[in-house]
2 protein chains.
Amino acid sequence: MAEIEQAKSSAAAPHPYLPGLHVLLDLFDARGLADQAGIEATLRAAARACGATVLDMRLHQFGQDGGVTGVALLAESHISIHTWPETGFAAVDIFMCGACDSRLAVAPLRDYFAPGRIDIKTIARG
Amino acid sequence: MAEIEQAKSSAAAPHPYLPGLHVLLDLFDARGLADQAGIEATLRAAARACGATVLDMRLHQFGQDGGVTGVALLAESHISIHTWPETGFAAVDIFMCGACDSRLAVAPLRDYFAPGRIDIKTIARG
């Protein structure tokens, strides 16, 4: 908990409104979209790549071989994912405040999902 | 579960990649930011305003009177929130696919948090 408190308070340093970068990834023609265990491991790898602390991880799969929807709640905010295996599409968003750079999550996600095309939007919050 | 399956599959209709609108809200000089119960009720009200189905609700508070970080996982995607009572700031994102319009979540959030200023970005996914 001390670590979490620190993560929140250190985020206050650079700006009165504690901004962070919010990265939206649209992955097209992607793989592994119905593999809940693989997706959970990838979310953990993405958090680790950013030096983020996972508070909670919640995933739901919509039937066997169906899409997966889930979120990693972080001390530094969150990573969410929603997949549609039937069309090869996944929507991921990564929001981190403080010392963590959410852009560092992109590489492990790209490695796992191996998308044919990726659209990345980076939005400053706060 | 049948309802959830339907929500996912009906989202496939308009577009091969199942797009949805992703709304990012930055709330400045906002109220109620350390009230976890009030925030949970507001996330449920926001989901209800969109006709969305809540699958799971996870919230964490960073110490008494501290910030709240949380997510409502929906059959139609998610609503996330991160608050910083010390600066009056909250970052919310709302992503819904299918028949749900994520913009309808804005009114109940605005009513509860009563921000002095609100910045709304709407991004098409997929």
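Before any of the text, the structure's been laid out above.
Note that this is a predicted model, so its numbers are computed, not measured.

### Section: the pairing of strand E4 (residues 77-84) of chain B
Residue and element names in this part refer to chain B.
Reasoning step 1: Within E4, eight of the eight residues are buried, which leaves it mostly tucked inside the rest of the structure.
Reasoning step 2: Here strand E3 (residues 68-74) pairs with E4 via six bridges, running antiparallel. Looking at E4, one finds that Leu74 is bridged to Ser77.
Reasoning step 3: Linking E3 to E4, which pair antiparallel, is a turn of two residues.

### Some details on the sheet that holds strand E2 (residues 54-61) of chain A
Residue and element names in this part refer to chain A.
Reasoning step 1: The strand order E2-E3-E4-E5-E1-E6 describes an open sheet built from six strands, whose pairing is antiparallel. Taken across any chain shown, the strands that pair with only one partner, and hence form the sheet edges, are E2 and strand E6 (117-125). Between one strand axis and the next, the sheet turns by 10 degrees as a mean value, whatever way the strands run.
Reasoning step 2: For strand E1 (residues 20-28) and E6, the ladder comprises nine bridges, and the chain directions are antiparallel. Counterpart to Leu25 in the pairing with E6 is Ile120.
Reasoning step 3: Against the sheet, helix H2 (residues 36-49) touches E2, strand E3 (68-74) and strand E4 (77-84), its axis set at about 155 degrees to E2.

### Quick look at the packing of helix H2 (residues 36-50) of chain B against helix H3 (residues 106-113) of chain B
Residues and elements named next belong to chain B.
Reasoning step 1: Where H2 meets H3, the closest approach of the two axes is 8 Å, and the angle between their N-to-C directions is 155 degrees. Taken together, the axes of H2 and H3 are roughly antiparallel relative to one another. Where H2 crosses over H3, the two elements pack in a sense that is right-handed. Between H2 and H3, the residues in contact are Gly38, Ile39, Thr42, Ala45, Ala46 and Ala49 and Pro108, Leu109, Tyr112 and Phe113, respectively.
Reasoning step 2: In terms of residue class, the contact of H2 with H3 is made up of eight nonpolar, two polar and no charged.

### Describing the relation of the copies chain A and chain B
Reasoning step 1: Expressed as a screw transformation, the operator carrying chain A onto chain B has a rotation angle of 180 degrees and an axial translation of 0.0 Å, and the superposed copies differ by an RMSD of 0.0 Å. Between the two chains, the operation in question is that of a two-fold axis. Relative to the rotation axis, the closest C-alpha in chain A is found at Val71 of chain A, a distance of 3.9 Å.
Reasoning step 2: The fraction of interface residues of chain A whose copies in chain B are also interface residues reaches 100%, indicating that both copies meet through the same surface.

### Considerations on the interface of chain A and chain B
Reasoning step 1: Residue-level contacts link 45 residues of chain A with 45 residues of chain B.
Reasoning step 2: Here chain A and chain B share an interface that buries about 3,800 Å² over both sides, 65% of which is from carbon and sulfur atoms.
Reasoning step 3: For the pair chain A and chain B, the interface holds four salt bridges.
Reasoning step 4: The closest approach of N and O atoms between Asp56 of chain A and Arg58 of chain B, which form a salt bridge, is 2.8 Å.
Reasoning step 5: Taken together, chain A and chain B are joined by twelve residue pairs in polar contact (both at pLDDT 80 or more).
Reasoning step 6: Residues belonging to the side of chain A that touches chain B are distributed by class as follows: 22 nonpolar, 13 polar and ten charged.

### Quick word on the sheet that holds strand E2 (residues 54-61) of chain B
Residue and element names in this part refer to chain B.
Reasoning step 1: Pairing in this open sheet of six strands is antiparallel, and the strands run E2-E3-E4-E5-E1-E6 from one edge to the other. The sheet is open, and its two edges are formed by E2 and strand E6 (117-125), each paired on a single side. Going from strand to strand, the sheet's axes swing by 10 degrees on average, the running direction of each strand aside.
Reasoning step 2: Against the sheet, H2 engages E2, E3, E4 and strand E5 (89-97), with an angle of about 155 degrees to E2.

Thresholds, definitions, all that
- Residues numbered from 1 in each chain as written.
- Chains lettered and ligands numbered in written order.
- Predicted model: local features only at pLDDT ≥ 70, side-chain atom pairs only at ≥ 80, totals over all residues.
- Heavy atoms only, no water.
- Buried < 20%, exposed > 50% of the residue type's maximum accessible area, 1.4 Å probe, protein only.
- Helix = DSSP H or I, 4+ residues; strand = E, 2+ residues; numbered from the N terminus.
- Pairing = 2+ DSSP bridges.
- Axes fitted to C-alpha atoms, helices over the stretch in contact; angles between N-to-C directions.
- Contact = heavy atoms within 4.5 Å.
- Parallel < 35°, antiparallel > 145°, perpendicular 65-115°, else oblique.
- Left-handed = near helix turned anticlockwise from the far one by under 90°.
- Nonpolar A, V, L, I, M, F, W, Y, C, P; charged D, E, K, R; others polar.
- Least-squares fit on C-alpha atoms with pLDDT ≥ 70 in both.
- Buried area = accessible area lost by both parts, 1.4 Å probe.
- Salt bridge = Lys/Arg side-chain N within 4 Å of Asp/Glu carboxyl O.
- Polar contact = N/O pair within 3.5 Å; in protein donor to acceptor, adjacent residues only side chain to side chain.

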